[in-house]
Each structure stands twice: as structure tokens, then as C-alpha cells.
Amino acid sequence: MTETMGHRAPGLVTNRMNPDLVMMVCTAGHVDHGKTALVKMLTGCMTDRLREEQERGLTIDLGFAPCLLGGNLSVGIVDVPGHEKFIRNMVAGVSGIGMTILVIAADDGVMPQTVEHMQIMTLLGVRRGIIALTKTDLVDSKTREIRIAEIREFVKNTFLKDAPICPVSSKTFEGYDSFYTRFVEEVSHIRREQALGLFRMPVERVFMRQGFGMVLTGIPVAGVVRVGDELELMPGGNRGRVRAIQRFSREAEEGFAGQCLALNLPDMGRMEPRRGQVLCTPGCIEPACIVHTYLTIVPGLHLPLKNAVEIKFHSGTLELHGKIYMLEKSEIASGESGFATIVLAEPAAIAPGDRLIIRRPSPAETVAGGEILVLTRGDRRPSRQIILPRLERRLSMTGRFDPASREGLAGLFEYLLLDEFPQGSSGEALARSALLHMEEARDILDTLLQTGVVRKISAGWVIHR
């Protein structure tokens, strides 16, 4: 058992346990506000695994730790960096997350990275969380109450407006039991999502394990993977079979979307995989470098996002330079939204429905986020007159930030039949375009056929009415 000065981590997962992993949870907050210490007190795990991180007391890369909820259930906690220079790793850590722990130190209160992390989580679609007021041993009771009031004001118009605020101290352990209890309660209120879709996992890390060969780690954004499955690495196209799967260092026969996985693929070929590529069901992803999106600009941005400027594009574990082109007006100001086209420096393994973050290279800051609506293959950017009506139709039919809902999928099928398959499509081609297995698509198609929105034109072929 891992204990520190008499404190036993309430979420400790011992070597003899192999609990079911419910979802991934991320920490967020300003540098040196106690995120890593909080995770250690909860789980017994030290997530700063790099020597440089331990020497500097600063989380650079993503750290992972399992946290027992009780019974045979656990969550995986992603400890993300707080320093501004490591924001790109923070964006990667939040992808695929079901809940957050926002960490704010009682001696500092809300700080610049607190604000930016909240913006990123909001833009990437995180919708549930809990707030830890850390380092309470450094302040008196009056200051503690002032901080709680400041935090409540800070989150009043965000997805954390009703989240519990839990004072804790990693020095005295005061408040840890009640924090853990509230944390378990919050997780239990979140509906576990079904792992719909074709398998896709943005690559986080790649390493060689002696006697096993290549191992790739990440958090899948869709689907299920099983031992023996063939997967494709995109961009690139190298293929290999999954020899073994680990979920938090424990052997498993399968892994799901939202779980931290390590996949052993010894026969992936000579080209070494890299962070930002995607492991996926073969044939489901065709890389593209022209992205059409609906963006929301972060509140409080001093300079508007202007047309034809250089930007940094983040999606999953990917970070690429690009150039943005506005489709409705020459600039989008703070708090506004609008359609835009992004031309990336190189093709990326992304898909409609994926979320994205836009950052300004100088001054370095998060400026916007949104959802990929449509991709254009090749290097010719379509005109505003052609692409804008398609984007408006796609957004109105599928909604925002919930492309995997039943209503969103029905709208997506309608959009595909109107815009991409106007002369009809087989069910298999439609399912593949929606990144679904045919058995997952069949129920949606049956509903659309029953309502008359979609009609059969021959065996296995459908067309929009």
C-alpha cells in the first residue's frame, strides 16, 4: 500500500486489482497549484515520470494514474501541464475526457493558466467537473472563504457553475476524505457513453519494449479495439495487428473510447510512428489539410482573429501550423462565432465531428475553438460561395458538440445524402462516411426510412427524399 506520512491514498489501485475503467478525468489549473500532489494523494501515483519534471517540480508531459471509485470501478486521471509553454500537451490531455478536476491554490486564487485551461476545456466540450481549492494550509479561514467566493464568481457562467468546491491540503491532508467522496459522487452522475464508431486513437507516445516491439499509447476518441485487430496508422498507411493491450499497466483483451491504452503492434513497418498520428480501423480515415469549421472566439480576447493570419491548430494530440480564412467577415471578435476555413501545413488524420483549438503563435494564447464540420481533400480551397451553404446545412442538421447523439447521427446521415451522395448511396458507404460500423448505422437508417426522410431505390441503396 502506498502511504505518505500516515495518509493512505483513498483511490489506490493495488497490483492485485484489475478494476473496470469507467472514463478518463483530467486535472486543470495554473502551474504550481498542486495538481500533481492532488493526484498523488488520491491515487498514490507520482505522475511526474520525467527526470526533468521531478527536478523542476513542473509537469511537462501528460501523466496518467488510475483512481479506484469503490467496488470494481475506477477512473483514469490525466495530470496535465499548467505552464503556458506546455499548453499543447494540455490540449492533448483533454481530448476524450469525460470530466475535469479544476485545481486552484488558496494562496494564489484564479491565475492566467486557470483562465486558459477553462477556455480550452469549454471549447473541447468538457461538461462536468469538480473544483479543488488546494494549499489551504497556507491561508487562514477568512482568506479561504474569500477564495471560494472568487471561484464561484469565476465559474458562474461556465459548465462548472454548479460544481462543488472542495478545500484540501496536500500537507495536512485536511479535506481529502470529503473531496474523494464528492469526486466519486460526481463521477457516478455521469452516464457512461457507449463506444460507438470505428476505432480511432490519437497517438500520444511511442516506445519500444524489449521482447514485445513497438508500443503506442493514447486515449481513443471512438470505437473498440481487441487483441488481434488490424489497425492502420494515418497519415502514412502502415498496418499492423494488435498483439497485446494494456489499460493502466494491466493486461486486457479489449479497450474502449475514453480509456488510456497501450497497444503492442510489433509489425507496424519501418516508419516510426509519431505523436499526432492516429491509429484507426483500416480505410476509415483519409488525411486532409483543408478544414472547414464553426469557431467560437474566447471571451476577453484583446485582439480579434483576423482573416489570412498564421495560427497553430490543435486536435487530439496533433499540433500543426496553418492559415485561417474567414467565410463571413474579415475578423471575428471576442465572444463571437463564425465559419472559417483552415489550411494546414500538411495533411492530418482528422475527421468531421472532431474538436479543435486555435492558438495564436505570437503573442502565444488560445483564441478560439470549435468542431470540424467538413474536410476538403487535395490542395484546392473551395470558394466561399460553394462551401458556406454546405457548412450552414451541416451545422443546422447535426447540431454542435454532440455528433454521436442519435439525433446528431440522423442529421449527419441526412447531410451526407444531400451533399456527398445526392444520387444515393449504399448503406455501407454511408456508414463508413459517418465513421460507424454498419450494425450501428442500421438503426439510424431504419428510423429515417420509416419517417420517409430516406427512401430505398434498390437493394441496399438509399436516397434522400
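Residues numbered from 1 in each chain as written. Predicted model: local features only at pLDDT ≥ 70, side-chain atom pairs only at ≥ 80, totals over all residues. Heavy atoms only, no water.

Considerations on the pairing of strand β23 (residues 318-326)
- Two elements, strand β22 (residues 309-315) and β23, share seven bridges in a ladder whose sense is antiparallel. From the neighbouring strand, Lys312 faces β23, where its bridge partner is His321.
- The turn joining β22 and β23, which pair antiparallel and follow one another in sequence, is formed by two residues; a positive phi near 60° is taken by Gly316.
- Pairing analysis gives five bridges linking β23 to strand β25 (residues 337-348), with the strands arranged antiparallel. Pairing of Lys323 across the sheet is with Val343, part of β25. (Pairing = 2+ DSSP bridges. Helix = DSSP H or I, 4+ residues; strand = E, 2+ residues; numbered from the N terminus.)

Concerning the side chain of Gln277
- Tracing the sequence through the fold places Gln277 in the loop between β18 (261-264) and β19 (278-280).
- Among all residues touching Gln277, those that are not within four sequence positions of it are Met201, Pro202, Val203, Leu233, Met234, Pro235, Glu272 and Thr317. (Contact = heavy atoms within 4.5 Å.)

So, the nonpolar core
- With 31 residues, the main nonpolar core has Val291, Leu305, Phe313, Leu344, Ile350 and Ile358 as its most contacted residues.
- Where this core is concerned, the elements lending two or more residues are α4 (112-123), β20 (288-297), β22, β23, β25, β26 (355-360) and β27 (365-376).
- Per element, the largest residue contribution to this core is six residues, and it comes from β20.
- Those residues in contact with Leu305 that sit more than four places away from it in its chain are Leu295, Ile297, Ile311, Ile324, Met326, Ser330, Glu331, Ile332, Val367 and Ala368.
- If you look at the next biggest cluster of nonpolar residues, it comprises 28 residues, including Leu391, Leu430, Ala434 and Ala441. (Core = buried A, V, L, I, M, F, W, Y, C linked by side-chain atoms within 4.5 Å. Buried < 20%, exposed > 50% of the residue type's maximum accessible area, 1.4 Å probe, protein only.)

Section: the confidence of the model for the protein chain
- In this model, the protein chain carries an average pLDDT of 84, and 86% of its residues clear a pLDDT of 70 or more.
- Contacts for the low-pLDDT stretch residues 1-6, under 50 throughout, to residues beyond four places or in other chains number 13 contacts.
- Here residues 47-61 is modelled with pLDDT under 50, and outside its nearest four sequence neighbours on either side it reaches 39 contacts, counting other chains as well. (pLDDT = per-residue confidence, 0-100.)

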